Amino acid sequence: MLAWTIYISFFGALLQLLLPKGNNTLARAFALLTAFAGLCIAVTSFTQHRSGELITVANYAWIPALGIRFHLAADGISLSLILLTGIVALTGILFSWNIDRRTNEFFAFYLLLIGCVYGVFLSYDLFLLFVFYEIVIIPKYFLITGWGSTRKDYGAMKLALYSFIGSAMVLVGLIAAYVVAGSKSMALNDLAGYAFSPHFQMWEFPLVFVGFAILAGLWPFHTWAPTGHVAAPTAVSMLLAGVVMKLGAYGCLRVAMTLFPHGLDPWGFSLIGLSSWRDVFALLAVIGIVWGALVAMVQQDFKFVIGYSSVSHMGFILLGLMTLNRIGISGAIIQMFSHGILAGLLFATVGRMVYDRTHTRELVKLGPMNLNKAIPFAAITFVVAGMAGMGLPGFSGFVAELMILVGAWRAFPIFAVFVGVGIVIGVVYVWRAMQKAFFAEPGDVISHEPLPPITIPERLGAIILICTSVAIGLYPQMLLKIITPALNSPLFDGVRKGGW
Amino acid sequence: MMLTLLTALPVVGAIVLLVIGDRSKPLTRALALAFAFVSLVVVLILWHSFDSTLGTLQFEERYAWVPFLNIEYHVGIDGLGLLMLLLSAIVVPIGMAASWKIVERVPLYFALMLLLQACLFGAFTALNFVHWFSFWELSLIPAFFLIKLWGGPKSTPAATQFLVYTMVGGVAMLLSFLAIYLVTGKFDFIELAQLAQSGQLMPDVVARLSMHRFMPHNIAMILFAGAFLGLAVKVPIFPFHTWLPSAYSEAPTGTTILLTGAMSKMGVYGFLRILLPIFGAQTQAVLTPLLWLTVATIVFSAYSALAQKDLKRIMAYSSINHLGYCMLGIFALAKFTGGDAALFSQKFAAMDGVLLQMFNHGLTAATIFWFIAMMENRSNGLRGIDDFGGLRSVAPVFAGFMGIALFSSLGLPGLNGFVGEFLIFKGAFPLVTWASSISVLGLLITAIVILGIIQRVFSGPLSERWTAFPDLTLGERLFLAPAIALMFVLGLYPQLIIGVVNQTAVQLVQQLKF
């Protein structure tokens, strides 16, 4: 049944183009319905999932001569991310209720993007995964150039180029692995089960890992992320930061680490204190956490603050993956989910609730409008989202950071301290942005025309996202109970190295 | 269920206030106060049904929460927790009464106050680190907005400084506890304390963590420093106190009452519940520098209070001073006594003193700040020590009641402030003689500060401006009477509290076997 998430989205995209032009409400309602159907399927599968199992969703021969199959399967990790995609997709439509230019096309691209994202998370055949991964670039490029703002052509082009470079690296790596393994099959378990020589893995791993990690915002390849997110229309920012960046992180775990676990082994020599690719990427992840937070702290454009905060939060995910222990990797997956929800919420607040009303994102101009009185709902949403993002207890971010920190203590104690510094800077940038954007200094409040009130779809979207974050924060077991058994599956034998 | 109910009650109240919204200000105030009183009644029921012959945890609730991480929902109270619950339940209605004149965004203000109360209740009952830490951190959010949105002209920097300082301390503490969790797999305070008692905890942690490269050898001290920092910022201990005077003086006075009356006790509580039981050996190892810091806290803050002109700032520094005595008592507990049973028994006195002092300072400081709030309301926001003068002649009851509260703060025998300080000094003097001796200086300076207030505000020639200074109204008198009465009762019959907490004190002291 899960395969229908993909089919429905693609089919919905096609139908969007056939719908009568000019009827915006119809287009929106139809898109909402499609996304809602996808979410329903995701939720049903999520609740029916028995922990530890790998459900085969579809498995047909596709290119028999090459051993390539249309093979979809899901375990606890993919299911969590599919659930995330469903939630962000639905709320994204709620937050794009004000799109009124070429509405049909917008939602067609949007649904195409969603369909591909579902596809990546479900693919069990790596060729299929790569196809979906590659198609994602097309709709996101057109969504930014067509409906974006601020330097949209530059942002879209940069994003597309970075994605293509990453994909090229992944493609080279996958083909090499396929050929070395005897060109028989592209299925994940076949390739993961093949004993590649350690020497081969040692150069394959960084190639594929970096290829995916570019999309996950790995420092120093993160620069596409803030510019792309800022240029994109709100719903697309939500999807980009919320789920598309997770595609990269998911690829790192599912493909790079699963196929080439020996690439994480020590080199046998030490270079400025680093003695394996694992150390290198963990260091880059920590730099990303601190760097992203520092840069977010000095931004003048509200959306850039959120853009850089994504880089910082994605650093947590990569660090969690590099801890190579069960708690750290589980934490990384929870953080993928949590950041997806919270980045969506933050971009929705800044892009839709604030920018679409005030038509400025400069913090110095927003301050005097005293938005906490003008649109209190937006202020409250931002405070809650910011609190959740900075890792305050009770929200999903805390659980994720807690687990990643425990994992980091075990693997790289020194880094854990720097991560602590990153968390503190995280508090500062969220608080700085909140004060500057929503709370005027007494005395320089300027009167302005009353802003349109927050609409029902916006409220609904914000409430869905906040409730999800709180639910995970208070009851993380919900996700953990399917994630940890999935990490115990034979696929991760190499990563486990015989035990956690 | 009682403790969960108690924590949930203010949250429900906050939601009710926000849902009702800004319809009628009197209704909002009355509802908020009603919720606070219901909490007080629940706490009194707990107080009544608490078995004071036992020093163990009572009303325990324990459920698995996140089994994967061994996080439990574990609440329970001993005498220490119960006393803090009672203090929070008393201080919050006082804070609300002092906020009666708030006019902007009334529902939000009182909802935040109730949320803060819920965080206090949560933190004082939690027995699992994650659970406790959640409330510890969450309490910052209502406090931040209370200071920022309703505070004085410089409230934003003050609130931000408060938040950032406490967050930095919080993250340091979190990292320490995660390192301990990594080795022990436990977050439970009681289990960790037992491990520490058996001498197992820190050697294990050190052995596990020192395998890593770049790991310094004294890792146990670093973990201690992290936990210490988190708590020391909150109490606060010199030199981590710099956020406090501006936060207390910029906050609306009703909020200051909550901050000083109840929130500062979270730090002291943390020292008793967490730092001493779990990091006892480390505390002992650096006892001398810690005592220096305590002495500095006590003496410097007293001198700073002497130099201030703003009544709220004076009382802010005086709060630091009073909590410094608590810290003196606590560090005296960590003193190595060898096998000397006579010296060891002094620790019980010090412990009882610390508990009394926590409660008494909360009650007294809350009441004094309440008087300051009334002075602000009657004078359009004036609160300089030299702005008034001769008030005794126009407002005798006001001067009398406030005088009682001030004398209680000074430590006059017969009033509540005296007993705690007396017991602390009685216990601490034989244990840490030099530190106690220097700290006496703090008592002296505080006396000068308090007498200075009484003299300059109530005595002297009456200025023209204040000839119409209204005395306490009947409502105010009725509301104040229980607080003032409690000061006398506890001063004359401290057994009322000691009787309930003594077994807990014995238990806590005996845990510290060195």
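Just so it is clear, the model here is predicted, and its values are computed rather than measured. (Residues numbered from 1 in each chain as written. Chains lettered and ligands numbered in written order. Predicted model: local features only at pLDDT ≥ 70, side-chain atom pairs only at ≥ 80, totals over all residues.)

S.K.: If you had to explain the overall build of chain A to someone new, which residues and values would you point to?
M.R.: A count of helices and strands for chain A gives 22 helices and four strands. Rg of the C-alpha trace for chain A: 22 Å, near the compact-globule value of 23 Å for 500 residues, within the 12% margin. Reported as C-alpha extents along the three principal axes, the dimensions of chain A are approximately 70 × 55 × 40 Å. Counting the 500 residues in chain A, one finds 61% classified as buried. Taking contacts inside chain A between residues at least 6 apart in sequence as the whole, the part at least 24 apart equals 81%. (Helix = DSSP H or I, 4+ residues; strand = E, 2+ residues; numbered from the N terminus. Rg over C-alpha atoms; globule rule 2.2 N^0.38 Å. Buried ≥ 20, exposed ≤ 12 C-beta atoms within 10 Å, placed from the backbone. Contact = placed C-beta atoms within 7 Å.)

S.K.: For the overall build of chain B, give the residues involved together with the corresponding values.
M.R.: When helices and strands are counted, chain B shows 21 helices and two strands. A globule of 514 residues ought to have a C-alpha radius of gyration of about 24 Å, and chain B, at 22 Å, matches this closely. Based on the C-alpha atoms only, the size of chain B along its principal axes is roughly 75 × 55 × 45 Å. Counting only contacts in chain B whose residues sit at least 6 apart along the sequence, the fraction spanning at least 24 positions is 80%.

S.K.: Describe the interface of chain B and chain A, naming the residues involved and giving the relevant values.
M.R.: Counting from both sides, the interface comprises 26 residues of chain B and, opposite them, 24 residues of chain A. Those elements giving two or more residues to the side of chain B that touches chain A turn out to be helix 5 (129-138) and helix 7 (155-184) of chain B. For the side of chain B that touches chain A, the element with the highest residue contribution is helix 7 of chain B, accounting for 13 residues. Broken down by class, the residue content of the side of chain B that touches chain A amounts to 21 nonpolar, four polar and one charged. (Nonpolar A, V, L, I, M, F, W, Y, C, P; charged D, E, K, R; others polar.)

S.K.: How would you explain the environment of B:Trp243 if you had to name every residue and give the values?
M.R.: Mapped onto the secondary structure, B:Trp243 falls in helix 11 (residues 243-250). Once residues lying within four places of it in the same chain are set aside, the contact partners of B:Trp243 are B:Gln161, B:Phe162 and B:Tyr165.

S.K.: Before we move on, can you summarise the pairing of strand 2 (residues 71-77) of chain B with the specific residues and values?
M.R.: Strand residues, when the strand is regular, have side chains that alternate between the two faces of the sheet. Residue and element names in this part refer to chain B. Most of strand 2 sits out of view: five of its seven residues are buried. With six bridges connecting them, strand 1 (residues 58-66) and strand 2 associate as antiparallel partners. Bridge pairing in strand 2 links Ala64 to Glu72. The antiparallel pairing of strand 1 with strand 2 creates a hairpin that spans four residues between the two strands, and Asn70 there sits at a positive phi of about 60°. (Pairing = 2+ DSSP bridges.)

S.K.: Residue-level account of helix 21 (residues 495-511) of chain B, with values.
M.R.: Residues and elements named next belong to chain B. Counted at 1.5 Å a residue, the expected span for helix 21 with its 17 residues is 24 Å, and the 23 Å between its end C-alpha atoms agrees. At Val501, helix 21 shows its strongest bend, of approximately 50°. Looking only at helix 21, the buried set comprises Ile497, Val501, Thr504, Ala505, Leu508 and Val509. (Expected span 1.5 Å × (residues − 1). Bend = angle between axes of the 7 residues up to and from the residue.)

S.K.: Tell me about the pairing of strand 1 (residues 55-63) of chain A, residues and numbers included.
M.R.: All names here are of chain A. Here strand 1 runs beside strand 2 (residues 68-74); their pairing, made up of seven bridges, is antiparallel. Considered in strand 2, the bridge of Ile63 is made with Ile68. Linkage of strand 1 to strand 2, two consecutive antiparallel strands, is achieved through a turn of four residues, within which Gly67 is found at a positive phi near 75°.

S.K.: Describe the nonpolar core, listing the residues and the values that go with them.
M.R.: Core analysis: the biggest nonpolar cluster contains 399 residues, and A:Val117, A:Ala216, A:Leu318 and A:Leu319 have the highest contact counts within it. Per-element tally for this core: the top contributor is helix 15 (residues 341-378) of chain B, with 19 residues. The residues touching A:Ala216, leaving out its near neighbours within four places in the chain, are A:Met245, A:Gly248, A:Ala249, A:Cys252, A:Met314, A:Ile317 and A:Leu318. (Core = buried A, V, L, I, M, F, W, Y, C linked by C-beta atoms within 7 Å.)

S.K.: Please set out unusual backbone geometry residue by residue, giving values where relevant.
M.R.: Cis rather than trans, the peptide bond between B:Val235 and B:Pro236 has omega equal to 0°. Position of B:Pro236 among the secondary structure elements: in the loop between helix 10 (219-234) and helix 11. The peptide bond linking B:Phe238 to B:Pro239 adopts the cis configuration, its omega dihedral lying at 0°. If you trace the backbone, B:Pro239 turns up in the loop between helix 10 and helix 11. Notably, A:Ile272 is not glycine yet its phi reads approximately 35°, a positive angle. Take A:Ile272: there are 7 C-beta atoms within 10 Å of it, and that puts it in the exposed class.

S.K.: Tell me about helix 10 of chain B, and please be specific about residues and values.
M.R.: Residues and elements named next belong to chain B. End to end, helix 10 covers 24 Å across 16 residues, agreeing with the expected 22 Å (1.5 Å per residue, within 8%). Burial of helix 10 is extensive: 12 of the 16 residues sit out of reach of the surface. Contacts made by the buried residues of helix 10 are with helix 7, helix 9 (201-209) and helix 12 (253-285).

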